[in-house]
Amino acid sequence: MQVDFDAVTDLLRAVASAEILPRFRRLQDGDSWEKRSGAVVTVADERAEAALSEGLAAMLPGSAVVAEEAAEAAPETLDALDRPGAVWVIDPIDGTANFSEGKPCFAVIVALAIDGETAAGWIYDPVADSAAVVERGAGAWRDGARLCVAEPAPEAEMTGAFGWRLNKDRSFSAQFGGRTYNKCCGFDYLALAEGRTHFAFYRSLKPWDHAAGQLMHAEAGGHSACVDGTPYRPGRRDQEGLLLAPDSDIWAGLADRIRRSLGM
């Protein structure tokens with residue numbers, strides 16, 4: 001299936017300009033709410049998702065759409081990732097809590113899955129007007145510059161993104177040079193693919209958070225897999241944790257320590 005990569009990027013930019021940026025730091029009463037405990041959604045999420053869903057589906061007639069807010073209301077839409085064909089995976093605002101608090105750490109994430117495998121992805125930073133694009137087998141690029149993960153380094157020099165349980169385990173967290181905490185997977189993946197951080201570990205694996213970024217990291221030269229050693233697939237429901245590292249040796253050492261720390 002042929003996809004016009006520039007047209008997708010232009011759509012992300014246009015939707016962000018029309019639905020997201022005009023509301024950034026300008027949300028009114030009633031423009032944001034909790035869809036469930038601790039999970040914020042805004043009118044910008046809903047409007048951007050609707051526009052992206054319509055525009056992307058039109059680019060590939062017959063394609064399906066799996067989008068975060070729609071899947072929240074109708075989880076059965078995720079079943080499209082288990083079937084043959086093209087599926088757009090959409091996170092209209094990744095980092096909604098940051099967006100709602102006026103922090104410029106949020107992104108629009110889109111992936112294209114073909115027959116259950118991620119084939120392409122986009123991570124767009126609306127505030128910086130900066131787009132990262134990846135195509136399976138063709139590399140990962142941000143604003144025309146090819147992306148490359150960090151070189152392997154001693155543990156004391158490595159920085160990573162990982163959750164509060166691993167952070168509390170000082171036998172794990174104290175070995176590294178630092179921990180990043182963006183509250184935005186899109187920004188995590190940009191840092192990984194640009195070599196600004198070394199590794200990341202995620203327990204929650206919603207496809208709109210990880211499909212584009214995992215492929216971007218791989219095409220930038222990194223190694224990733226679920227901590228049980230199986231490949232990441234956006235449609236799998238039984239994946240318990242995704243680990244991304246500069247190479248397979250570092251991945252193996254980190255995976256062993258994470259499994260022991262979390263009792264996995």
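Here the structure is shown first, and the text comes after it.
Right, let's walk through the structure included here. (Residues numbered from 1 in each chain as written. Predicted model: local features only at pLDDT ≥ 70, side-chain atom pairs only at ≥ 80, totals over all residues. Heavy atoms only, no water.)

Brief notes about the layout of surface pockets
Where we set the bar: Within this scheme a cavity is a closed region of a 1 Å grid, computed over the protein atoms alone, that accommodates a 1.4 Å probe without allowing it to escape, whereas a pocket is open but has protein on both sides within 12 Å along at least five of seven lines; lining residues each have an atom within 4 Å of a point. Grid points are joined across faces, edges and corners, and a volume is the space filled by probe spheres set on the points. Following the grouping adopted for this structure description, the nonpolar residues are Ala, Val, Leu, Ile, Met, Phe, Trp, Tyr, Cys and Pro, the charged ones are Asp, Glu, Lys and Arg, and the polar ones are all others, Gly among them. A run of H or I in DSSP counts as a helix once it spans at least four residues, and a run of E counts as a strand once it spans at least two, with each numbered from the N terminus.
Of the pockets and cavities examined, the largest pocket occupies roughly 1,100 Å³. Residues that form the lining of the largest pocket fall into these classes: 15 nonpolar, nine polar and 15 charged. Estimated volume of the second largest pocket: approximately 280 Å³. The wall of the second largest pocket is formed by 16 residues, among which Leu78, Leu205, Lys206, Pro207 and Arg237 lie closest to the centre. Elements represented by at least two residues in the lining of the second largest pocket include exactly α3 (68-73) and α8 (207-219).

A short note on the pairing of strand β2 (residues 39-42)
Short version of the rule: Pairing between two strands requires that DSSP report at least two bridges joining them.
Two elements, strand β1 (residues 32-36) and β2, share four bridges in a ladder whose sense is antiparallel. If you follow Arg36 over to β2, its bridge partner there is Ala39. The hairpin turn running from β1 into β2, its antiparallel successor, is two residues long, and Gly38 in that turn takes a positive phi close to 80 degrees.

Focus: the pattern of salt bridges
The condition that has to hold: A side-chain nitrogen of Lys or Arg and a carboxyl oxygen of Asp or Glu constitute a salt bridge if their distance falls within 4 Å. Remark: exposure states derive from per-residue accessible area (1.4 Å probe, protein chains only) relative to the maximum for the residue type, with buried under 20%, exposed over 50%, and partly exposed in between.
For the structure shown, the criterion picks out 15 salt bridges. Among the ionic pairs, Asp129 bridges to Arg13, the shortest N-O distance being 2.7 Å. Here the residue Asp129 occupies a position in the loop between β6 (117-125) and β7 (130-135), and Arg13 occupies one in helix α1 (residues 5-20), the gap between them amounting to 116 residues. Assessed through its relative accessible area of 40%, Asp129 is described here as partly exposed. One salt bridge connects Arg23 with Glu19, and the closest N-O pair in it is separated by 3.1 Å.

So, the sheet that holds strand β8 (residues 139-142)
Working definition: the strands of a sheet are paired by backbone hydrogen bonds and lie parallel or antiparallel to each other. Going by this rule: By definition, residues are in contact when any of their heavy atoms lie within 4.5 Å. Where helices are involved, their axes are fitted lines through C-alpha atoms of the stretch in contact, as for all axes, and angles between N-to-C directions lie from 0 to 180°.
With respect to topology, seven strands assemble into an open sheet ordered β3-β4-β5-β6-β7-β8-β9, the strand pairing being mixed. Of all strands in the sheet, those bounded by a partner on one side alone are β3 (64-67) and β9 (145-146). Note: β3 against strand β4 (residues 86-94), four bridges, orientation parallel. Paired with Val66 across the strands is Val89, a residue of β4. Running over the sheet, helix α2 (residues 43-59) touches β3, β4 and β5 (107-114) and is turned about 155 degrees from β4. Helix α7 (residues 185-193) rests against β4, β5, β6, β7 and β8 of the sheet, and its axis sits at about 100 degrees to β6.

What about the packing of aromatic side chains?
Keep this limit in mind: Any pair of Phe, Tyr and Trp rings, taking the six-membered ring for Trp, is counted once the centres come within 6.5 Å. Such a pair is stacked with planes under 30 degrees apart, edge-to-face with planes over 60 apart, and tilted for the rest.
Counting across every chain of the model gives eleven aromatic pairs. On the numbers, 5.2 Å between centres and 35 degrees between planes, the contact of Phe5 with Trp122 is tilted. Residue Phe5 is located in helix α1, and its partner Trp122 is located in strand β6; the two are separated by 117 residues in the primary sequence.

Details of the state of the cysteines
Applicable threshold: In plain terms, two cysteine sulfur atoms within 2.5 Å form what is called a disulfide here.
Inspection of the entire model under this criterion finds zero disulfides. Take Cys184: it sits in no disulfide, and the sulfur closest to it among the cysteines is that of Cys105, at 4.7 Å. With relative accessibility at 2%, the residue Cys184 sits in the buried group.

Some thoughts on the sheet that holds strand β10 (residues 159-161)
Pairing is mixed across the open sheet formed by five strands, whose spatial order is β11-β10-β12-β14-β13. If you trace the sheet from one side to the other, it starts and ends with β11 (178-180) and β13 (223-226), each paired once. Taking the axes of each pair of neighbouring strands and ignoring which way they run, one obtains an average angle of 20 degrees across the sheet. Where strand β12 (residues 199-202) lies against strand β14 (residues 242-245), three bridges are found, and the strand directions are antiparallel. Pairing of Tyr202 across the sheet is with Leu242, part of β14. Docked against the sheet, α7 engages β10, β11, β12 and β14, running at close to 150 degrees with respect to β12. Strands β12, β13 and β14 of the sheet are contacted by α8, whose axis makes an angle of about 30 degrees with β14.

Quick look at the packing of α7 against α8
Test applied: For classification purposes, angles smaller than 35 degrees are called roughly parallel, those larger than 145 roughly antiparallel, those between 65 and 115 roughly perpendicular, and all remaining angles oblique.
Contact pair α7 / α8: the axes reach a minimum separation of 9 Å and the direction vectors enclose 5 degrees. With respect to each other, α7 and α8 are oriented roughly parallel. Contacts between α7 and α8 involve Cys185, Tyr189, Leu190, Leu192 and Ala193 on the former and, on the latter, Asp209, His210, Gly213, Gln214, Met216 and His217. Residue classes in the contact of α7 with α8 are distributed as six nonpolar, four polar and one charged.

Notes on helix α9 (residues 248-262)
Applicable threshold: An expected span of 1.5 Å times one less than the residue number is assigned to each helix. Within 3.5 Å is the distance limit for a polar contact, defined as a pair of N or O atoms, with the added protein rule that one can donate a hydrogen and the other accept it, and that residues adjacent in sequence qualify only through two side-chain atoms.
If you check α9, its first and last C-alpha atoms are 21 Å apart, about what 15 residues at 1.5 Å a residue would give, namely 21 Å. Buried within α9 we find Ile250, Trp251, Leu254, Ala255, Arg257, Ile258 and Leu262. If you follow the buried residues of α9, they end up packed against α5 (164-168), α6 (170-173), β12, β13 and β14. Its side-chain oxygen placed 3.3 Å from the backbone nitrogen of Asp249, Asp247 serves as the N-cap of α9. Two residues or fewer past α9, Gly263 is found with a positive phi of approximately 65 degrees.

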